[in-house]
Amino acid sequence: MALVNEHFLKLPNNYLFADIAKKVNAFRVTHPKADVISLGIGDVTQPLCPAVTEAMHKAVDEMSTAEGFHGYGPEQGYDFLREAILKHDFLPRGIHLDIDEIFINDGAKSDTGNIQELIRWDNSIGVTDPIYPVYIDSNVMIGRAGVLENGSWSNVIYLPCTAENNFVPQLPNRRIDVIYLCYPNNPTGTVITKDELRKWVNYALKNDTLIFYDAAYQAYIQDDSIPHSIYEIRGARKCAIEFHSYSKTAGFTGVRCGYTIVPKDLTAATLDGKRIALNLLWNRRQSTKFNGTSYISQRAAEAIYTPEGKEQIRKTIGYYMENAAKMLSVFRSMGLECYGGENAPYIWMKTPSDSGSWQFFEQLLYSANVVCTPGVGFGPSGEGYVRFTAFGSHERTEEALERIIKSLGV
Ligand SMILES: *Cc1c(COP(=O)(O)O)cnc(C)c1O
């Protein structure tokens with residue numbers, strides 16, 4: 001008899017975005033003529049830039065010749081892309097990485113979910129709250145998170161991020177083995193300053209804590225003083241693994257490519273106190289379970305580092321950030337309390353008159369036919385907030401804003 005991994009059964013059946021889709025569908029059935037605008041799910045809308053599609057076409061043509069054909073590539077990724085990453089994403093910020101510290105992935109969701117395989121089942125886990133659900137759910141699936149009680153997992157330490165602490169959590173007053181941080185943040189759209197991030201690195205060094213740092217939105221940072229990488233902080237090489245993605249940077253949500261940095265200085269302990277290099281373990285894990293990201297996707301990613309590619313993705317990011325600026329200015333002029341949206345493509349809004357997240361979601365859906373994401377879906381501290389994304393087209397975003405003004409009044 002095959003026994004299932006019962007930890008999976010602890011996960012709530014409903015996935016946040018499936019719940020939203022269900023409610024939107026119910027609305028559509030009763031209002032067939034309504035034109036619903038979604039500012040909910042975090043997917044991009046603008047096409048790939050020409051530098052990327054040209055590189056992909058070229059790679060496809062190569063693959064059709066005997067000389068240019070590429071079969072299995074290195075599990076760690078092709079050196080042409082790893083070298084481009086070193087040269088363009090890190091050297092200009094004064095960060096020196098070894099090429100073997102870079103692991104090309106098929107997107108940051110896989111690696112932020114898989115990385116927990118490197119640590120024992122009984123490590124304590126801390127997360128900022130609200131949070132990108134992958135970090136917790138991947139720990140639930142192997143039994144590290146405990147059980148769900150009143151919306152919180154019993155073995156997870158929640159570090160609340162609210163307006164009161166400017167969405168940067170207090171340092172925990174106890175030691176935690178592993179902490180997930182994501183800046184610029186999804187869902188709140190807020191950022192961390194270098195000084196604040198330094199406190200986390202120092203906490204980690206002092207407490208022998210491992211930080212999993214998700215930098216998926218670093219390309220949206222407009223203010224040069226905000227760190228793009230945790231390795232801008234001295235000592236981070238000894239305590240942090242960092243995840244990057246081309247999904248939001250260059251519209252790769254359907255192409256699939258990103259990378260993970262596992263520094264060679266980073267170690268974790270065995271029960272008898274030996275220190276083991278996580279770079280070697282991750283390399284072993286990837287070699288066994290991953291056969292690399294496609295050659296075509298990696299050539300596509302390389303193209304964003306050319307001068308044309310850089311300029312083209314900068315324009316698209318600018319396009320989304322114009323949406324964010326417009327949304328912020330309209331919401332604020334309506335007296336709504338909003339956060340984020342300045343260095344990230346998300347706006348985190350306090351619901352007016354203290355309505356619950358889901359209540360406001362429904363109000364907006366029925367009165368303005370606009371879809372947002374209920375903040376409580378990202379964790380208990382998200383209750384009373386909703387998230388708007390800036391990933392729409394200018395036309396649809398403006399239309400949504402006009403309807404929100406009409407339905408909520410100024
Ligand atoms: C979108 C997103 C990612 C990237 O996911 P991919 O698998 O690279 O598409 C990672 N982390 C966060 C917080 C995200 O919002």
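Everything numeric here is computed off the predicted structure, so don't read it as measured data.

Visitor: I'd like to hear about the environment of Gln298, residue by residue, with values.
Guide: Turning to its location among the elements, Gln298 is positioned in helix H9 (residues 295-303). Judged by its relative accessible area of 1%, Gln298 is buried. Leaving out residues up to four positions away in the same chain, Gln298 has contacts with Gly77, Tyr78, Phe80, Leu81, Ile104, Cys257 and Thr293. A polar side-chain atom of Gln298 sits 2.9 Å from the main-chain amide nitrogen of Tyr78. Polar contacts involving the side chain of Gln298 include one to the main-chain carbonyl oxygen of Thr293, which spans 2.8 Å.

Visitor: Please set out the nonpolar core residue by residue, giving values where relevant.
Guide: Counting 100 residues, the largest nonpolar core has Tyr246, Phe331 and Phe388 as its most contacted members. For this core, the element with the highest residue contribution is helix H10 (residues 307-333), accounting for 10 residues. Among all residues touching Phe331, those that are not within four sequence positions of it are Leu336, Cys338, Ile347, Met349, Phe388, Leu401 and Ile404.

Visitor: So what about the packing of helix H1 (residues 16-30) against helix H11 (residues 357-368)? Which residues, and what values?
Guide: It is at 11 Å that the axes of H1 and H11 come closest, and there the two elements cross at 35°. In the packing of H1 onto H11, the handedness of the crossing is right-handed. Residues Leu16, Asp19, Ile20, Lys23, Val24 and Phe27 of H1 touch H11, and the partners they reach there are Trp358, Phe361, Glu362, Leu365 and Tyr366.

Visitor: Give a description of the environment of Ser367 that names residues and reports values.
Guide: By the secondary structure assignment, Ser367 is in helix H11. On the basis of relative accessible area, Ser367 is assigned to the partly exposed category, the value being 40%. Measuring from C-alpha to C-alpha, the distance between Ser367 and Lys406 comes to 9.0 Å, with 39 residues separating the pair along the chain. Only 2.7 Å separates the side chain of Ser367 from the backbone oxygen of Gln363, close enough to count as a polar contact. Within polar-contact distance, the side chain of Ser367 engages the side chain of Ser407 at 3.5 Å.

Visitor: Report on the pairing of strand S9 (residues 240-245), specifying residues and quantitative values.
Guide: When you tally the buried positions in S9, you get 6 out of 6 residues, the bulk of the element. Here S9 shows no split at all, with Ala240, Glu242 and His244 on one side and Ile241, Phe243 and Ser245 on the other all buried. The sheet contact formed by strand S8 (residues 210-214) and S9 spans 4 bridges and is parallel. Residue Phe212 lies in a different strand from S9, and its bridge partner there is Ile241. Here S9 runs beside strand S10 (residues 258-261); their pairing, made up of 4 bridges, is antiparallel. Considered in S10, the bridge of Glu242 is made with Ile261.

Basis of the calculations
Residues numbered from 1 in each chain as written. Predicted model: local features only at pLDDT ≥ 70, side-chain atom pairs only at ≥ 80, totals over all residues. Heavy atoms only, no water. Helix = DSSP H or I, 4+ residues; strand = E, 2+ residues; numbered from the N terminus. Buried < 20%, exposed > 50% of the residue type's maximum accessible area, 1.4 Å probe, protein only. Contact = heavy atoms within 4.5 Å. Polar contact = N/O pair within 3.5 Å; in protein donor to acceptor, adjacent residues only side chain to side chain. Core = buried A, V, L, I, M, F, W, Y, C linked by side-chain atoms within 4.5 Å. Axes fitted to C-alpha atoms, helices over the stretch in contact; angles between N-to-C directions. Left-handed = near helix turned anticlockwise from the far one by under 90°. Pairing = 2+ DSSP bridges.

Fair warning: the whole summary comes from geometry, so function is off the table for now.
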